[in-house]
Amino acid sequence: MYDQTRAQQPADRPPGLAGRRASGPEPLFPPEERDKIARRLGHAVNTFADTPGEALEEAESAFDEATDALVNALAERRRVLRAGWQGLDPETQSAELRLALREYREITGRLLRA
């Protein structure tokens, strides 16, 4: 199938937002990182009865790790988005700009609903 937006991309430019999949929102950070944090939190919950203080410290550490990972993932997503639209001529690249706006709206909406 012909992709007009991709065809208009310069050959030396990697596909931007137009080349992305459209099947639902991307995870904000990798599943293996999410699973590791979830295991740590689960361990804290499971050991609470025996060692409540240590369990709370482990839960707090898992929370800190999750927030750090989220902040880093959002900063990277912002960097990639900005690189995809910054410096483009708004008249000739409106489709790419529209996709960037949609991505900003989707991510911000997910943060507000969280």
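Residues numbered from 1 in each chain as written. Predicted model: local features only at pLDDT ≥ 70, side-chain atom pairs only at ≥ 80, totals over all residues. Heavy atoms only, no water.

### A short note on the packing of helix H2 (residues 31–47) against helix H3 (residues 52–85)
Right, on to step 1. Viewed as axis vectors pointing N to C, H2 and H3 meet at an angle of 160 degrees, and their least axial separation amounts to 8 Å. With respect to H3, the element H2 is oriented roughly antiparallel. The two elements H2 and H3 cross, and the hand of that crossing is left-handed. For the pair H2 and H3, the contacting residues are Glu 33, Lys 36, Ile 37, Arg 40, Leu 41, His 43, Ala 44 and Thr 47 in the first and Pro 52, Ala 55, Glu 58, Ala 59, Ser 61, Ala 62, Glu 65, Ala 66 and Ala 69 in the second. (Axes fitted to C-alpha atoms, helices over the stretch in contact; angles between N-to-C directions. Helix = DSSP H or I, 4+ residues; strand = E, 2+ residues; numbered from the N terminus. Parallel < 35°, antiparallel > 145°, perpendicular 65-115°, else oblique. Left-handed = near helix turned anticlockwise from the far one by under 90°. Contact = heavy atoms within 4.5 Å.)

### Overview of the nonpolar core
Right, on to step 1. Counting residues in each nonpolar core, the largest one holds five residues, listed as Phe 29, Ile 37, Ala 62, Ala 69 and Ala 73.
Right, on to step 2. The leading source of residues in this core is H3, at three residues.
Right, on to step 3. In contact with Phe 29, not counting residues within four places along its chain, are Arg 34, Ile 37, Ala 66, Ala 69, Leu 70 and Ala 73. (Core = buried A, V, L, I, M, F, W, Y, C linked by side-chain atoms within 4.5 Å. Buried < 20%, exposed > 50% of the residue type's maximum accessible area, 1.4 Å probe, protein only.)

### As for H2
Right, on to step 1. In this model H2 runs 24 Å from its N-terminal to its C-terminal C-alpha over 17 residues, within 8% of the 24 Å that 1.5 Å per residue would give.
Right, on to step 2. Where H2 is concerned, the buried positions are Ile 37, Ala 44 and Thr 47. The buried residues of H2 all sit within an arc of 105 degrees when viewed along its axis, so they share a single face. Exposed side of H2, more than 90 degrees from the buried face: Glu 32, Arg 39, Val 45 and Asn 46 are the residues found there. (Expected span 1.5 Å × (residues − 1). Arc of directions from axis to C-beta.)

### Comments concerning the packing of H3 against helix H4 (residues 94–113)
Right, on to step 1. Interaxial distance between H3 and H4 falls to 9 Å at its minimum, and their mutual angle equals 165 degrees. Considering the angle they form, H3 stands roughly antiparallel to H4. Along this stretch, H3 crosses H4, giving a crossing that reads as left-handed. Contact residues: Leu 74, Arg 77, Arg 78, Leu 81, Arg 82, Gly 84 and Trp 85 in H3; Glu 96, Leu 97, Ala 100, Glu 103, Tyr 104, Ile 107 and Leu 111 in H4.
Right, on to step 2. Looking at the contact of H3 with H4, its residues break down into eight nonpolar, one polar and five charged. (Nonpolar A, V, L, I, M, F, W, Y, C, P; charged D, E, K, R; others polar.)

### With respect to the environment of Glu 60
Right, on to step 1. Structurally, Glu 60 is set in helix H3.
Right, on to step 2. Here Glu 60 falls in the exposed class, since its relative accessible area comes to 51%.
Right, on to step 3. Separated by 16 residues in sequence, Glu 60 and Ala 44 have C-alpha atoms that sit 9.2 Å apart.

### Observations regarding the pattern of salt bridges
Right, on to step 1. Scanning all chains against the criterion turns up five salt bridges.
Right, on to step 2. Residue Lys 36 is joined to Glu 65 by a salt bridge in which the shortest nitrogen-to-oxygen separation is 3.0 Å. Within this pair, whereas Lys 36 is found in helix H2, its partner Glu 65 is found in helix H3, the two being separated by 29 residues in sequence.
Right, on to step 3. The exposure class assigned to Lys 36 is partly exposed, which follows from its relative accessible area of 40%. (Salt bridge = Lys/Arg side-chain N within 4 Å of Asp/Glu carboxyl O.)

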